[in-house]
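# Breakdown of the fold
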Amino acid sequence: GATVFGPALCEVASVASKPMVSRKTSDMLQFGECQPAYISAIVAAMGAALPPQDEPPDDPEARKERDAVAARNEKIRIAIAHMLASWARFGLVEETFETFPDQPLIQAIADNGTPNLRVLQQSTAMEELAAAFRVEDSVDVMVVMLGAIRDMSLYRPLSRQITNCGLLSNLVHVMRLHVHGSDVLLVTAEVLWNVLELDWQGAASALGALDILENFRYFLEVVLHKGYRFKDKIFRNDLLVLVLYMSKWEGNRPGFASSGLLQILLRYGVSASQRDQMSQLMQTGVEEHMTGKGIAITNSQEDMEFRVLIWHVASQCCGDPECAAVIAECQFAGSLLSCLDIADSASELRQWSGEQRKKMQLEALSALFHLVQHCPDEILSNSGVGVLLRLAQATTDSTLRKKVLTVLHVTVGMGEKFVKEMVESGAISIALDLFKDAEASMVCRQLCASILGSLCSGFPAHQDEFRKRGGIEALRSQVVYAPDQTTENHLFFTLAVIDAVWHTVIGNKKSESRFLDVDGLFALMDVLEVAPELLRSQMLSALADLCENRKAARMFLQWNSPKTMKGGVKVLLEFWDAEQARNGCTNEDGVLASPTHPLNPPKQPESQDPAETRTMRFTSKTMGATARSGVSSKKQEETVPSEDPVDVRAKIYAVLAKVGFDGHEALTIADRQHLELMKLYPDCKQLEVWVNVRDSLQQQGIKPLGQDSKWMEDMIVEQQTRTEWIAALQEQLAVERQAEDLASLNRFYDDIRTRAAKETGMMERANKGGTAGKRPGHSEIDTLKLHGVDGRQSGFTGVLSR
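Residues numbered from 1 in each chain as written. Predicted model: local features only at pLDDT ≥ 70, side-chain atom pairs only at ≥ 80, totals over all residues. Heavy atoms only, no water.

## Points about helix α30 (residues 460-468)
Along an α-helix, residues three or four apart share an orientation, since each turn contains 3.6 residues. The cut-off we apply is this: Only protein chains enter the area calculation, which uses a 1.4 Å probe; residues under 20% of their type maximum are buried, those over 50% are exposed, and those in between are partly exposed. The numbering of helices and of strands both runs from the N terminus, where a helix is a DSSP run of H or I of at least 4 residues and a strand a run of E of at least 2. To be clear, the arc concerns the directions from the helix axis to the C-beta atoms.
Within the span of α30, buried status applies to H462, Q463, F466 and R467. Buried residues along α30 cover an arc of 140° about the axis, so they all sit on one side. Residues A461 and K468 are exposed on α30 and point more than 90 degrees away from its buried face. Phi turns positive one or two residues past the end of α30, at G470, with a value near 80°.

Structural data, given as structure tokens:
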């Protein structure tokens, strides 16, 4: 049967390789669902045409017959593999895809695929192809199969199938067999790259086995010692990209050290002077393959890219303890710092152009960002702090300076010894000079403010040095919030400045006195009045600590807003009123809504009438249709809060507790209502905590001891008595406010009536005894109509009563 049906099957596969064309509009609807079964039926024949697995017989006739069967089966496999490659390749052109702006074609293919790729995904093509690929011994068939696998790997669901079929380990084995250079090698590397990019989690986990990592180490050893061609360097860099993807999976990192892969990479990732010292540090298994020094790494574009990829892999692996030990032995941190040291005159660095050196410095700083967090001692032992500070001071490139300051910002948070090392290296002076530089970018100055705050936090000697170098005056000049005067993010810059004030000034008596002398508190209050919510919370915290100083408390009462002439207490009461309204703590008269929960009353579900329910359903359907169509409103996105608002009432209480609650003038009755509650804020907070504890115990079915229950109830009754007293006092103030409003309204109508009487008298005198009359619009009744009152119908006499 194989002799008869084999050639016919090859013809069928050849015809199936051609694109299918619909002769009628209904063909796709009628026959489209049959295509996966059609592909599966043809591909199933590949399992019956596998290469012979038995030993060749000694009999010449039997051997000849066996070779004929093998040749026939090979033709069948080539025909079916060519059919799959044609199906996978058809439609992979840009004209057939509708891409979004700035969306690459490869991304559109990965997300949506082509009709043919979707058919292949629904069939059993990948399973049959993977089973045949494992036992394939013909290079010609393997090349065709790899072409089909390469095109199918561009579609994400098919990439997952490649991983799930266990095909990745077979691809690595094929690479080892053809590592000395062939088309199979490059195509296999491309397939691995596609699968790692589209199914990173599954593929990286599958490639993390120790034997696979050892294979990659072998690939690199061979190409680094025998790969002189340009093509070999491209393959070497492709291998590094695969290794980089694998290193991002945390479970693979210990294998990088135990397999010797990380050592072979760091041998070429360090400077030339340190590379000569690494021979005795390499593992024995690696040294056997290390004959000679290998191919020299130059300043060509491919070799520079090779260095960058090595640094990325090392920075990814430094979080693993075993890899960190290897990195320390190979002196990787010292090599990176040598690229950043402006005093280093190594011959290797002199060969780089200015653009190359800048790029390598940026990449070295990116790697140091991770090394500082996982290998901090290596930075100290190689004088890394001094190198970074000198580079930050000397460079004029804003991008490079920002990167250096970012690494320094991470370094200062690594512990007390790093803080002392930075201060001894002149970090306060350098960071302060950069902060004062008006030409520096706002991001760099923001990082400098954060570094200064971290250097001075908890170190009075550092705060004194900061004050003596004019740091307080520099900070005071930047305590402003004017986002409309710059295109950069002024909010985060102001946050960093306030944080620096908090850590460098507040808590140090001399620094506080200097800050108050230069009107620093007045500047804080000016910003607080107009600050957004995120900045307001930070400023209230700093202000509460600053008001521990008696002079600051007095200056707080002296401040008046230059825009609205409001006092500090008035501004804080407005913030308190906004918090109370947001939490629904009071009713429309300003009286507490819940005596048991004066600060955070429980939310009551609102009832909805049928009309509102129908409206909500319609809105929900409309929004769902909008979401499915991919249309979104920018205004709606901006109004959705990213996180819950910060409750600043405790901070407001902390400020006013130092300033004082009594003796404030020009307060309205609503302000007085808030102030009465604010005086007992700690008691109200305790009441809510006790009530929540009691309710939680009841919900969990826990019954406390009799004495504990009585004590808890006594505490709740005691605190609730205070809140009820506050509610009664607020009710009295509400009555007083209603009386004032009523008196004000009476005065208003009295004034109208008086003016109307004066105008009437003037007109009567002007008429001199003539016909008495009033001009329309000036009678008492008409005047009342202007204000919505009909005097004739209601019997209004012009006097209001409660």
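Moving on from the coordinates now.
## Quick notes on the pattern of salt bridges
For clarity, the cut-off: In what follows, salt bridge is the name for a side-chain nitrogen of Lys or Arg lying within 4 Å of a carboxyl oxygen of Asp or Glu.
This structure, assessed with the given rule, holds 30 salt bridges. The salt bridge partner of E416 is K420, with a shortest N-O separation of 3.0 Å. In this pair, E416 and K420 both sit in helix α27 (residues 416-424), four residues apart, roughly one turn of the helix. Given a relative accessible area of 39%, K420 falls into the partly exposed group. Residues D751 and R755 are paired through a salt bridge, measuring 3.3 Å at the closest nitrogen-oxygen approach. With a gap of four residues between them, D751 and R755 both fall in helix α43 (residues 706-767), about one helical turn apart. Its relative accessible area of 39% is what places D751 among the partly exposed residues. Taken together, the shared-partner salt bridges in this structure form one network comprising R89, R150 and D151.

## Comments concerning the nonpolar core
Short version of the rule: In this description, a nonpolar core means a group of buried Ala, Val, Leu, Ile, Met, Phe, Trp, Tyr and Cys residues linked to one another through side-chain atoms lying within 4.5 Å. Residue contacts are defined here by distance: any two heavy atoms, one from each residue, within 4.5 Å place the two residues in contact.
M83, F216, F256 and F556 are the most contacted members of the largest nonpolar core, which totals 212 residues. The contacts of F216, once residues within four sequence positions are left out, are V172, L239, L242, V243, M246 and L261.

## Looking at the packing of helix α36 (residues 550-558) against helix α40 (residues 649-659)
Relative orientation and spacing of two packed helices are given, respectively, by the angle between their axes and the distance between those axes. Formally: Every axis corresponds to a line fitted to the C-alpha atoms, with the helix fit spanning only the stretch in contact, and the corresponding angles, defined between N-to-C directions, vary from 0 to 180 degrees. Roughly parallel means an angle under 35 degrees; roughly antiparallel means over 145; roughly perpendicular covers 65 to 115; every other angle is labelled oblique. In this classification, Asp, Glu, Lys and Arg are treated as charged, Ala, Val, Leu, Ile, Met, Phe, Trp, Tyr, Cys and Pro as nonpolar, and every other residue, Gly included, as polar.
Look at α36 against α40: their axes get within 9 Å of each other, and the N-to-C directions meet at 100°. The pairing of α36 with α40 is recorded here as roughly perpendicular in orientation. Contacts between α36 and α40 involve A553, F556 and L557 on the former and, on the latter, V655, L656, K658 and V659. When the residues that make up the contact of α36 with α40 are grouped by side-chain class, the tally is six nonpolar, no polar and one charged.

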